[in-house]
Each structure stands twice: as structure tokens, then as C-alpha cells.
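Summary of structural features
As a plain string of letters, each chain reads:
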There are 2 protein chains.
Amino acid sequence: MKIEKMGLLIILSGPSGSGKDTVLNELSKQDDDIKISISLTTRPKRDWEIDGVHYYFVAENYFLRKIECNQILEYAVYNGNYYGTPKSIIDQWLANGETVILKIEVQGAQKIREIYPDAVSIFLMPPSMKILKERLFKRESEKNDEIQRRLSIAIDEIKRATEYNYIVVNDLLDYAVSDIRAIIRAERQSSPRLEYLINEVIEND
Amino acid sequence: MKIEKMGLLIILSGPSGSGKDTVLNELSKQDDDIKISISLTTRPKRDWEIDGVHYYFVAENYFLRKIECNQILEYAVYNGNYYGTPKSIIDQWLANGETVILKIEVQGAQKIREIYPDAVSIFLMPPSMKILKERLFKRESEKNDEIQRRLSIAIDEIKRATEYNYIVVNDLLDYAVSDIRAIIRAERQSSPRLEYLINEVIEND
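Quick summary incoming for the structure in this document. (Residues numbered from 1 in each chain as written. Chains lettered and ligands numbered in written order. Predicted model: local features only at pLDDT ≥ 70, side-chain atom pairs only at ≥ 80, totals over all residues. Heavy atoms only, no water.)

1. With respect to the side chain of Arg-43 of chain B
Residues and elements named next belong to chain B. With respect to the helices and strands, the residue Arg-43 is situated in the loop between β3 (40–41) and β4 (56–57). Within the structure, the side chain of Arg-43 is placed 2.8 Å from the side chain of Glu-49, a separation counted as a polar contact. Ignoring any residue separated from it by four or fewer positions in sequence, one finds Arg-43 in contact with Glu-49, Tyr-55, Phe-57, Asn-81, Tyr-82 and Tyr-83. (Helix = DSSP H or I, 4+ residues; strand = E, 2+ residues; numbered from the N terminus. Polar contact = N/O pair within 3.5 Å; in protein donor to acceptor, adjacent residues only side chain to side chain. Contact = heavy atoms within 4.5 Å.)

2. Some words on the layout of surface pockets
Rolled over the atoms, a probe with the dimensions of a water molecule shows which regions are left empty. As a volume, the largest pocket reaches approximately 2,100 Å³. For the largest pocket, the lining is made up of 50 residues, of which Asp-21, Tyr-55, Tyr-83, Lys-103 and Glu-105 of chain A are closest to its centre. Of all the secondary-structure elements, those providing two or more residues to the lining of the largest pocket are α1 (20–30), β5 (72–78), β6 (81–86), β7 (99–103), α4 (106–115), α5 (129–138) and α6 (144–158) of chain A. A class-by-class count of the residues in the lining of the largest pocket yields 17 nonpolar, 18 polar and 15 charged. Of the voids in this model, the second largest pocket is the one considered here, and its volume is about 810 Å³. Broken down by secondary-structure element, the contributors of at least two residues to the lining of the second largest pocket are α7 (173–188) and α8 (191–194) of chain A together with α7 (173–188) of chain B. Broken down by element, the lining of the second largest pocket gets its largest block of residues, 7 residues, from α7 of chain B. Among the residues forming the lining of the second largest pocket, the class breakdown is 12 nonpolar, 6 polar and 14 charged. (1 Å grid on protein atoms, 1.4 Å probe; cavity = no way out; pocket = protein on both sides within 12 Å on 5 of 7 lines; lining within 4 Å. Points joined across faces, edges and corners; volume = space filled by probe spheres on them. Nonpolar A, V, L, I, M, F, W, Y, C, P; charged D, E, K, R; others polar.)

3. Overview of the interface of chain A and chain B
Tallying the contact residues gives 36 residues for chain A and 36 residues for chain B. Here chain A packs against chain B, burying approximately 3,100 Å² in sum over the two surfaces, 67% of which is carbon and sulfur. Taken as a group, Arg-185, Gln-189 and Val-201 of chain A account for 19% of the area that chain A buries against chain B, more than any other trio of residues on that side. Viewed at the interface, chain B and chain A are joined by 2 salt bridges. With its nearest N and O atoms 2.6 Å apart, the salt bridge here joins Arg-185 of chain A to Asp-179 of chain B. At the boundary of chain A with chain B, the tally comes to 18 residue pairs in polar contact (both at pLDDT 80 or more). At the level of elements, α5, α6, β9 (166–169), α7, α8 and α9 (197–203) of chain A are the ones that each hand at least two residues to the side of chain A that touches chain B. Taken together, the residues of the side of chain A that touches chain B break down into 21 nonpolar, 8 polar and 7 charged. (Buried area = accessible area lost by both parts, 1.4 Å probe. Salt bridge = Lys/Arg side-chain N within 4 Å of Asp/Glu carboxyl O.)

4. Overview of the environment of Lys-130 of chain B
Along the chain, Lys-130 of chain B falls in helix α5 (residues 129–139). You can call Lys-130 of chain B partly exposed: its relative accessible area is 44%. Sequence separation of Lys-130 of chain B and Leu-151 of chain B is 21 residues, and the distance between their C-alpha atoms is 9.8 Å. Here Lys-130 of chain B is in contact with Asn-204 and Asp-205 of chain A, once residues within four sequence places are set aside. (Buried < 20%, exposed > 50% of the residue type's maximum accessible area, 1.4 Å probe, protein only.)

5. Considering empty space enclosed by the protein
Residues and elements named next belong to chain B. Overall, the coordinates contain 1 cavity of 30 Å³ or more when judged by the stated rule. Taken as a whole, the largest cavity holds about 80 Å³ of empty space. Lining the largest cavity are Ser-39, Tyr-55, Glu-74, Ala-76, Tyr-83, Gly-84, Thr-85, Lys-103, Ile-104, Glu-105 and Gly-108. With 3 residues, the single largest contributor to the lining of the largest cavity is strand β6 (residues 81–86). Across the lining of the largest cavity, the residue classes break down as 4 nonpolar, 4 polar and 3 charged.

6. Brief notes about the packing of α5 of chain B against helix α6 (residues 144–158) of chain B
Residue and element names in this part refer to chain B. Direction vectors running N to C along α5 and α6 enclose 145°, while the axes themselves pass 10 Å from each other. α5 and α6 meet at a crossing whose hand is right-handed. In this structure, α5 uses Met-129, Leu-132, Lys-133, Leu-136, Phe-137 and Arg-139 to contact α6, whose residues at the interface are Asn-144, Ile-147, Arg-150, Leu-151, Ala-154, Ile-155 and Ile-158. In terms of residue class, the contact of α5 with α6 is built from 9 nonpolar, 1 polar and 3 charged. (Axes fitted to C-alpha atoms, helices over the stretch in contact; angles between N-to-C directions. Left-handed = near helix turned anticlockwise from the far one by under 90°.)

7. What to know about the relation of the copies chain A and chain B
The operation relating the two chain copies consists of a rotation about an axis and a shift along that axis. Overlaying chain A on chain B yields an RMSD of 2.2 Å, the required transformation being a rotation through 176° with an accompanying axial translation of 0.0 Å. Accordingly, the operation relating the two chain copies is best matched by a two-fold axis. Taking C-alpha positions as the reference, the residue of chain A nearest the rotation axis is Ala-182 of chain A, at 2.2 Å. When you check the interface residues of chain A against chain B, 100% turn up at the interface there too, and the contact is symmetric in its surfaces. (Least-squares fit on C-alpha atoms with pLDDT ≥ 70 in both.)

8. Remarks on the packing of aromatic side chains
With the rule as written, the count across this model stands at 13 aromatic pairs over all chains. Taken together, a centroid distance of 5.8 Å and an interplanar angle of 65° make the contact between Tyr-55 of chain A and Tyr-83 of chain A edge-to-face. Within this pair, whereas Tyr-55 of chain A is found in the loop between β3 (40–41) and β4 (56–57), its partner Tyr-83 of chain A is found in strand β6, the two being separated by 28 residues in sequence. Taking the centre distance of 6.1 Å and the plane angle of 75° together, the rings of Phe-63 of chain B and Tyr-75 of chain B count as edge-to-face. In this pair, Phe-63 of chain B sits in helix α2 (residues 60–68) while Tyr-75 of chain B sits in strand β5 (residues 72–78), placing the two residues 12 residues apart along the sequence. Residue Phe-63 of chain B is classed as buried on the basis of its relative accessible area of 0%. Every member of this aromatic cluster is reached through a ring pair, and the members are Tyr-55, Phe-57, Tyr-78 and Tyr-83 of chain B. Over the ring of Tyr-164 of chain A we find Arg-113 of chain A; its NZ or CZ atom is 4.5 Å from the centre of that ring. (Phe/Tyr/Trp six-rings, centres within 6.5 Å; stacked < 30°, edge-to-face > 60°. Lys NZ or Arg CZ within 6 Å of the ring centre and 35° of its normal.)

These figures come from the coordinates and say nothing about function on their own.
Here it is as C-alpha cells:
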């Protein structure tokens, strides 16, 4: 008897500077069974970027059509460019029983949870506001005002950590990645996911 | 700011022959932070069993006195023998923030879940009835009639696996132990358990 395995959707969120990209990068190195959802954008590709790795680079009319067809889970406009999460690839992976990780800003996470109520959500927590501030300064890409703005948003976001199933502190990268791998491994053992085993085991005598 | 960490109670159950003792033995070798609750029983000790490791083997009148003094969390009669869980040590460990594993027969697990609604429960699943039968025969401690009886009980117990939070298949011992360790690690990251971090992180700027 062959029974379709259920896919597993992991929502990874956290404030700007919490290290979502670094964690995902390390996670995908350690476990290549995990599918990482890639966003669509209408902004021009930079030289070093690879289509289908960093983003799917698409034309604006394509993006707008996707929105109309409900093929974009959530989207935002930044600097006149669209950024969005494509639905069909996630649904396809989940239908194939894959584990899919979706990185998303805290604002967008609630929407995803409504669409996928079985999703497992992880809040990536900075070890302290002090360290978050240091990380944002190290990026050197933002001005002081912008950093203050991000820190203030981060506090509001951190207060929403209890909306998530799990909280992972990103202090030491390896430790945080191991925590997330443990969560994925545990969730794959959740009893609704393995209910199909009951008949398999009983009938195999 | 020092906040008391919450203890974590793990209920490990599964049919006779599913390998609860072997798994617990290996788990306690790999992670000596885990506290393992040991049951009392009035059934005769098997040759390979050690008093105070596998069970506390006690006389029936001692057991009945413990029940009268409310020192037994739950007990069950299985095959004419009493099996019970001593209460005070578990409460003490949990109050100290420890991770406690409680091995329990399937009959008794529901009662423990009622007493400790925050407990996390794991059903240890044999890979197949065929393998379960082989394992019971290898023990050489039970007669054929007794094995048939246990197999029939096992089927009823396996059908109750969905009452548990997690199902772990005990095919390869190392794999099953790693699954359980992942579950423990994940549960330690559950957001109600780490809610206290929110204020700690925000205030540390």
C-alpha cells in the first residue's frame, strides 16, 4: 500500500537583521532535501544574481497577471518594483510531499498562516536589541535614521513572537540552524503526518 | 532578570516489544541532562532487567500502600501485574525546569495527559507486526500464548497512536533516538516556553 506523504510548510520570519538569509543559506547547505521558496521580483537583475536562485526576475505585466490570477500569496512594492511570493511552486512542492521553507517579513506571515493553516512557523529572534543594532550598523548599507526606524519596527515585531509555533534565538549560527533542523525533523514525526503508518504497520504481519 | 525555566514532560509509550527500554537506555547515554522516570511494578523481574533501572520491582502489598498514600500518579493492571508511576519525583524535576521522560504503557498514557496537559507524548511504533512478533520471540521470556496475547493487544494500542503528539518508528535504534532528541530540542523552542525571552531581548539594548 502506497500512501502519499504530506508536505510540510515552514514559515521563517523575524525582524530585519535577525539573520533569515544567513540561516537559510546555511540550512540549504546542510540539508539539500529542503526546498526554499524563492520570491518573484520585477526589479532588474544585478550582475551577480542568478535567476531562480536569488529571485525569479519577471516583467511587470507578468507579475500583475499573477496577482490577478491569485498566483501571488502576498506582495509588496519597494522603490517602484514588485516583490512577491509565488503560490503554484509551493503548492506543487507540498503536493509532492516536500519540506518547503518560506522566508517572509513579519507583516506578511499572518497572511501565509491563514492560507496554509497547517504551516509551522518559526520566529527568528535576535539575542538582544544591542546585538541587532550592531548587526544593522555592520551592514553599512543603511543610514542612522533608517537603522533607528528598523529597530523600532523590530521591537513591535519581537512582541509578536508568540504568534509563531517556535522561537529560535539566532546567537550562534550553527546552533540556530540545528534548532531549525530539529524542528523540521520533529514536525515530520507529528502524528497527523504519520497517521497513515498505522494501517501499514498492522497489515504488515 | 532571571525567570524560571519551564520543565518539559515527555510521555514515551508504545506496545510491548516496541523497544521503549532500549530507546531510553540509548537516549540517557547520549543526553545525560534528561531525567528518566522509572515505574514501579509487581511483575516478576526478567533475567536481563535491573531493579531501579528498568523498573522498581516491588511486592503487591507495598504497591497497594503507595496507592493509598496517593504516591502513585497512575497505575494499571496488565496481565495481572500492577504498573505504576511515582508522582513526587516527577513534580520535583519539573519544578526544577528539567526535561523528564516518563515511559508508560499505552493504557496509562491518557491519565498522565490529563494530569499534565502540557506534556508532550510520543508513540513508539514498531516497523511492522512481523518485526514486533520476531522481537517478542527473541525475548524468550514469554510463552507462545502470551506472545499472541501481546500481539493482539499491540494492534489495539497501535490504533491509538494518533492520540499522541508524535509517532516515532523504532526500526533503526539510532534513527529513533535521533528523532526523539529532535522532538525534545524542538519542544524546548516552542513559543509558550520561550515567551519570557521577549522582554529579555527588548530590554537588553
